[in-house]
Amino acid sequence: MKKTVLVTGGAGFIGSHVTVELINAGYDVVVVDNLTNSDGKSLDGVEAITGVRPPFYKVDTCDAVALAKVFEAHHIDCAIHFAAYKAVGESVAEPMKYYMNNMLSFMNLIEAMRRQGGRANVLFSSSATVYGEPDACPVTEASPRKPATSPYGNTKQMAEDVLRDCCAAYDGFYGIALRYFNPVGAHPSALIGELPIGVPNNLVPFITQTAAGIRECLTVFGNDYPTPDGTCLRDFIDVVDLAKAHVSAVDRMTGEKMDTKYEIFNIGTGRPLSVLELISAFESANGVKVNWKFGPRRAGDTTEVWADPTRANKCLGWKAERSIDDTMRSAWAWQKHLDGC
Ligand code: NAD
Ligand code: WQD
């Protein structure tokens, strides 16, 4: 019998890609999203790609009563939790917005899974932000978590701890935290991708909008970092590769193949790229020029953070496969789709 996966935040950037890959892998998917940072069009894209329109509930996961109704309608074999706010700077200005939404939504989901009875499998979308400025790269899952530098980062650390404690305390309760590095790109069909609202904070949407003429010039934040070209190093992970890691993690949980009740995996490529290298990769993959200039460092940026993904490679049988050229082509195709080209 097909297993059912609940995807909270499933209309969003990563959630929509994960929904596609879960459907492709033979899962039934139920999507919950309050559409605060997405629109229903992503589900049109999911349907166009897979031929399946998953059941969708416009529900705020902070509303425990509304969430319970979803569980009345479906038996959930595994829940993946994406429903959160994610703007680091905004979280510094409005911490309670982040603590209320990101924590309450996750705790409600855990309670709903517990109340359902039987084995509970919960997959949490964590972030490399929990490593802060690492002492050494690449970071492994054993690298220390550093004190969070933003309320957003703090919600990721706290939610990991909530999940760990629930796995330790409750019989039949299992959890996986996936720590994503820098998710970028879009589905190769250009039917789903990241929905930029306002001026992008992240590098790739800023690159694509500059190439499209929406932004005049990209500022590269800092050229005096202790790196080969003076710009920061990151681990840019293609969103389709990232989505496939979720399928592997769901297989592991629902197939009851976990080594311990709570597991953490880094999801990255293991290949650092500098900001300038990424801009060059975008230009050469797409044959377009990006207008950019150097500016001062951005407060709070870490010099370098990139993954050792060995544990995910071994335990999940997953590996990042898409080349940076593929990823940059998909990012540009998505930008053109948004611009109606
Ligand atoms: P996104 O904003 O595109 O998707 C999140 C979705 O959750 C949105 O559709 C939004 O409408 C929904 N949502 C938010 N609060 C909700 C609530 N209370 N109830 C129901 N729906 C709610 O973001 P994304 O980039 O797809 O990120 C998904 C998850 O992955 C987030 O938890 C984010 O913190 C985490 N993450 C993202 C990145 C990244 O760079 N994109 C990196 C690491 C971790
Ligand atoms: C990447 C590099 C910038 C924009 C963020 C979150 C992190 C995680 C992933 C959720 C940096 C440089 C950027 C620009 C630039 N999200 N840059 N000009 O900061 O590594 O990670 O997203 O968990 O928590 O902090 O990603 O894309 O913002 O920046 O030079 O206009 O690009 O300085 O070196 P970051 P980013």
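Let me begin by describing the structure that accompanies this report.

Rules of the game
- Residues numbered from 1 in each chain as written.
- Chains lettered and ligands numbered in written order.
- Predicted model: local features only at pLDDT ≥ 70, side-chain atom pairs only at ≥ 80, totals over all residues.
- Heavy atoms only, no water.
- Helix = DSSP H or I, 4+ residues; strand = E, 2+ residues; numbered from the N terminus.
- Buried < 20%, exposed > 50% of the residue type's maximum accessible area, 1.4 Å probe, protein only.
- Polar contact = N/O pair within 3.5 Å; in protein donor to acceptor, adjacent residues only side chain to side chain.
- Contact = heavy atoms within 4.5 Å.
- Arc of directions from axis to C-beta.
- Patch = residues over 30% accessible without salt bridge, like charges linked within 9 Å, V, L, I, M, F, W, Y side chains within 5 Å.
- Areas by Shrake-Rupley, 256 points an atom, 1.4 Å probe, with all protein chains shown as cover.
- Salt bridge = Lys/Arg side-chain N within 4 Å of Asp/Glu carboxyl O.
- Near = heavy atom within 4 Å.
- Nonpolar A, V, L, I, M, F, W, Y, C, P; charged D, E, K, R; others polar.
- Pairing = 2+ DSSP bridges.
- Axes fitted to C-alpha atoms, helices over the stretch in contact; angles between N-to-C directions.

### Examining the side chain of Ser105
Next, step 1: Checked against the element boundaries, Ser105 lands in helix α5 (residues 95–116).
Next, step 2: Note on Ser105: relative accessible area 0%, which makes it buried.
Next, step 3: At a separation of 3.1 Å, a polar atom in the side chain of Ser105 contacts the main-chain carbonyl oxygen of Ala83.
Next, step 4: A distance of 2.7 Å separates the side chain of Ser105 from the backbone oxygen of Asn101, its partner in a polar contact.
Next, step 5: Sequence-distant contacts of Ser105, defined by excluding residues within four places in its chain, comprise Thr61, Cys62, His81, Ala83 and Met100.

### Let's talk about helix α3 (residues 64–73)
Next, step 1: Of all the residues in α3, the buried ones are Ala66, Leu67, Val70 and Phe71. Buried positions in α3, seen along its axis, are confined to an arc of 150° and lie on one side of it. Turned more than 90 degrees away from the buried face of α3, the exposed residues are Val65, Lys69 and Glu72.
Next, step 2: The elements touched by buried residues of α3 are β1 (4–8), β2 (28–33), β3 (56–58) and α5.
Next, step 3: The backbone nitrogen of Val65 has a side-chain oxygen 3.2 Å away, supplied by the residue at the start of α3, namely Asp63.

### Looking at a nonpolar patch on the surface
Next, step 1: Among the surface-exposed residues, Met96, Met100 and Leu104 lie close enough to one another that they form a single nonpolar patch of about 280 Å² accessible area.
Next, step 2: Taking the relative accessible area as the measure of exposure, Met96 reaches 51% and is therefore exposed.

### A look at the site of ligand 1
Next, step 1: Taken together, the neighbourhood of ligand 1 is formed by 27 residues, with Asp33, Asn37, Ser38, Asn101 and Tyr152 sitting nearest.
Next, step 2: Contact distances for ligand 1 include 3.1 Å between a nitrogen atom and a backbone N or O atom of Asn34.
Next, step 3: The side chain of Lys86 places a nitrogen or oxygen atom 2.8 Å from an oxygen atom of ligand 1.
Next, step 4: In isolation ligand 1 has 820 Å² of accessible area, and contact with the protein removes 95% of it.
Next, step 5: Secondary structure elements with two or more residues in the shell around ligand 1: α1 (13–24), β5 (120–127) and α6 (151–169).
Next, step 6: It is β5 that contributes the most residues to the shell around ligand 1, three residues altogether.
Next, step 7: The class makeup of the residues in the shell around ligand 1 is twelve nonpolar, eleven polar and four charged.

### Considerations on the sheet that holds β2
Next, step 1: Read across the open sheet, the seven strands follow the order β3-β2-β1-β4-β5-β6-β11; overall the sheet is parallel. Only two strands of the sheet have a single neighbouring strand rather than two, namely β3 and β11 (262–267). Ignoring strand direction, the axes of neighbouring strands in this sheet form an average angle of 15°.
Next, step 2: In terms of strand pairing, strand β4 (residues 78–81) meets β5 through three bridges, oriented parallel. Bridging across to β5, Ile80 finds its partner in Leu123.

### Comments concerning the site of ligand 2
Next, step 1: The environment of ligand 2 is made up of 18 residues, and the closest members are Ser127, Tyr152, Thr219, Arg234 and Asp301.
Next, step 2: Here a nitrogen atom of ligand 2 sits 2.8 Å away from a polar atom, N or O, in the main chain of Thr219.
Next, step 3: Between an oxygen atom of ligand 2 and a side-chain N or O atom of Arg234, the distance comes to 2.6 Å.
Next, step 4: Relative to its free-state accessible area of 690 Å², ligand 2 is covered by the protein chains to the extent of 86%.
Next, step 5: Contributions of two or more residues to the shell around ligand 2 are made by α7 (203–211) and β8 (218–221).
Next, step 6: The element contributing the most residues to the shell around ligand 2 is β8, with four residues.
Next, step 7: Split into classes, the residues belonging to the shell around ligand 2 amount to nine nonpolar, six polar and three charged.

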